[in-house]
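Now for the letters of each chain:
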Amino acid sequence: MAADFRTLPALAAVTALASLLLQSSTLSDDVSNQLPKAELPSIPTQLTPWDPIAINHTRRIRLDNSNRVYELRTVAMNPPIFEIENFLTDSECDTIMKMAVDNGLAKSDHTFLDGSNYEEKDKDTSEITEDEALKLFRYSDQTWLDHDSHYHLRSMFKRLQHLARLPDYVMSNIEQMQVVKYKPWGHYESHYDSEADHLGPCCIDPVAQGRETGVRALKKPLSHRCRLCRFMTVLYYLVDTEQGGGTVFPLANMNETEYTKWKRSNHPLKYKQTRTCTPGTVVKPKRGKAVMWYNHHVDRGYLGQLHERSLHGGCNVGKGSNGKPSTKWIANHWISALPHPDVPRTDATGHV
C-alpha cells in the first residue's frame, strides 16, 4: 500500500519517498537491460549480408550519429527479407514526392521481359480502363533522383550504407533513386530486380562497356548483351496506401516441394500474384517504412548466383473509398556489385 504522506512526520515522508524513487529507478534499469543495445553497424570491406536469424527477430540499430534507434525486423528467411519502420521521416517522404513531380513522371516500361508485347511499348496508358490496366505487365509512372540533389537524399543515402552494411566501393555502384507512383489498378507483375549469370557480364563491369540489357538487347547479338547485377534492393513506402499496394514475395519461405512444383509449372498465372497479393509473404505499405532484401547469394564476399526466391511484385492498388482514388508512392535503391575476380566474364548464352 502506498504511504499516506499527509499522516507521516516530515522525516518519515522523505524516507518513504526516497525508497519509492529508488525502486522506480531500479525497475527502469531492469527493463532497459532487457532490450538489446542499439549499435551502429560497421562498414565491411566485402559484401556482408545480415543473418535473418528467425522470422520476427528484431535488431535495434543506429544508422548515424544521432540518438535515433531503428528496428530491423526479419520478415522472411529464404530469401532474407527485412523491414524497418520509420526509416524515412514525413519530411523526407514529402520531399521525395515533390522532387519527383517537379522532375516529371513518365510512363514506366510495361513490356514483358521476353519482349512478346514489344510492339505495345509506346502505347498511351494515361487513360485506360481497369481491364486494360490489368493486361499490362507494369502500370505506373516513374522518375529518377540523384543522391546528391537534396540534403534529405544525402542523409538517407548515408543511413543506407550502414543499414545495408555496404563497402565504400559498392556505394559508387548504386543507381539513382527511382521514384514510382501507382494510380488505381497500378501494379508490377512478379519479377526479379536482377539477372542470372547466363545473360552475360555485369553491365557495371568495365568489360561490358557499351552493352545493353533487358528489352533493348533483344534484337542485338548476344555478344552485345550485359546483365543487371543488383545485389540487393531497398524499397521505401512514401504514403499510407488505403487499399492494396503491398509487396508480395511469392516464393519466400516456400517449402522445397512447392518450390520445385512452381518452377516446373507453365500456368498462365505463374507470375500474376499481384492480383490478390497471394500466395507468399506480403509486406504492407506504411509511410516511412523501408523493405530490404537480397537478390543474390554471396560468393566469397562478392556477388554470387541469383537468388531465385527473390521474385516479387507490386500488388494492385485499390480504388479507395468515398470516391477518392487510392494511390501508392514508393522509391527504390538498387545496389549493384561484381562477382569474384576469379569468375570468368563470358558472353550471354541467351536473352531470357
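A short tour of the structure in this document, coming up. All figures in this text were calculated on a predicted structure; none of them were measured in a lab. (Residues numbered from 1 in each chain as written. Predicted model: local features only at pLDDT ≥ 70, side-chain atom pairs only at ≥ 80, totals over all residues. Heavy atoms only, no water.)

## Re the nonpolar core
Next, step 1: Formed by 44 residues in total, the largest nonpolar core has its most connected members in Phe-87, Tyr-236, Leu-238 and Met-292.
Next, step 2: Considering every element that reaches this core, the biggest residue donor is helix α4 (residues 151-164), with six residues.
Next, step 3: Leaving out residues up to four positions away in the same chain, Tyr-236 has contacts with Phe-87, Leu-88, Met-156, Leu-160, Met-177, Lys-289, Ala-290, Trp-329, Ile-330, Ala-331, Asn-332 and His-333.
Next, step 4: One finds Val-180, Leu-235, Val-283 and Val-291 within the second-largest nonpolar core, a separate group that totals 16 residues. (Core = buried A, V, L, I, M, F, W, Y, C linked by side-chain atoms within 4.5 Å. Buried < 20%, exposed > 50% of the residue type's maximum accessible area, 1.4 Å probe, protein only. Helix = DSSP H or I, 4+ residues; strand = E, 2+ residues; numbered from the N terminus. Contact = heavy atoms within 4.5 Å.)

## Looking at α4
Next, step 1: Helix length check: α4 (14 residues) gives 20 Å between terminal C-alpha atoms against 20 Å at 1.5 Å per residue, within 8%.
Next, step 2: Among the 14 residues of α4, ten are classified as buried, and the element is accordingly described as predominantly covered.
Next, step 3: Along α4, the positions that sit buried rather than exposed are His-152, Leu-153, Met-156, Phe-157, Arg-159, Leu-160, Gln-161, His-162, Leu-163 and Ala-164.
Next, step 4: Arg-165 occupies a position one or two residues after α4 and carries a positive phi of about 50°. (Expected span 1.5 Å × (residues − 1).)

## Notes on the sheet that holds strand β8 (residues 187-191)
Next, step 1: Pairing is antiparallel in the open sheet, where five strands are placed in the order β5-β8-β15-β10-β11. Unpaired on one side and paired on the other, β5 (138-139) and β11 (281-283) mark the two borders of the sheet.
Next, step 2: As paired strands, strand β10 (residues 247-249) and β11 are joined by three bridges and run antiparallel to one another. Considered in β11, the bridge of Thr-247 is made with Val-283. (Pairing = 2+ DSSP bridges.)

## Points about the packing of aromatic side chains
Here a ring pair, both rings aromatic, is described through the centre-centre distance and the interplanar angle of the planes.
Next, step 1: Following the criterion strictly, the structure yields nine aromatic pairs and no others.
Next, step 2: Geometrically, the ring pair formed by Phe-82 and Tyr-294 is edge-to-face, given 6.5 Å between the ring centres and 90° between the ring planes. Residue Phe-82 is located in strand β3 (residues 81-84), and its partner Tyr-294 is located in strand β12 (residues 290-294); the two are separated by 212 residues in the primary sequence.
Next, step 3: Taking the relative accessible area as the measure of exposure, Tyr-294 reaches 3% and is therefore buried.
Next, step 4: Aromatic pair Phe-87 and Tyr-236: ring centres 5.7 Å apart, planes at 25°, arrangement stacked. Remark: Tyr-236 occurs in strand β9 (residues 230-237) and Phe-87 occurs in the loop between β3 and α2 (90-103); sequence separation between them is 149 residues.
Next, step 5: Overall, Phe-87 belongs to the buried group, its relative accessible area being 0%.
Next, step 6: The structure contains a cluster of three or more aromatic residues connected by ring pairs, namely Tyr-70, Phe-87 and Tyr-236.
Next, step 7: Seen from the ring of Phe-87, Arg-159 lies directly overhead, with NZ or CZ sitting 4.8 Å from the centre.
Next, step 8: The ring of Tyr-259 has Arg-309 sitting right over it, with the charged end atom 4.3 Å from the ring centre. (Phe/Tyr/Trp six-rings, centres within 6.5 Å; stacked < 30°, edge-to-face > 60°. Lys NZ or Arg CZ within 6 Å of the ring centre and 35° of its normal.)

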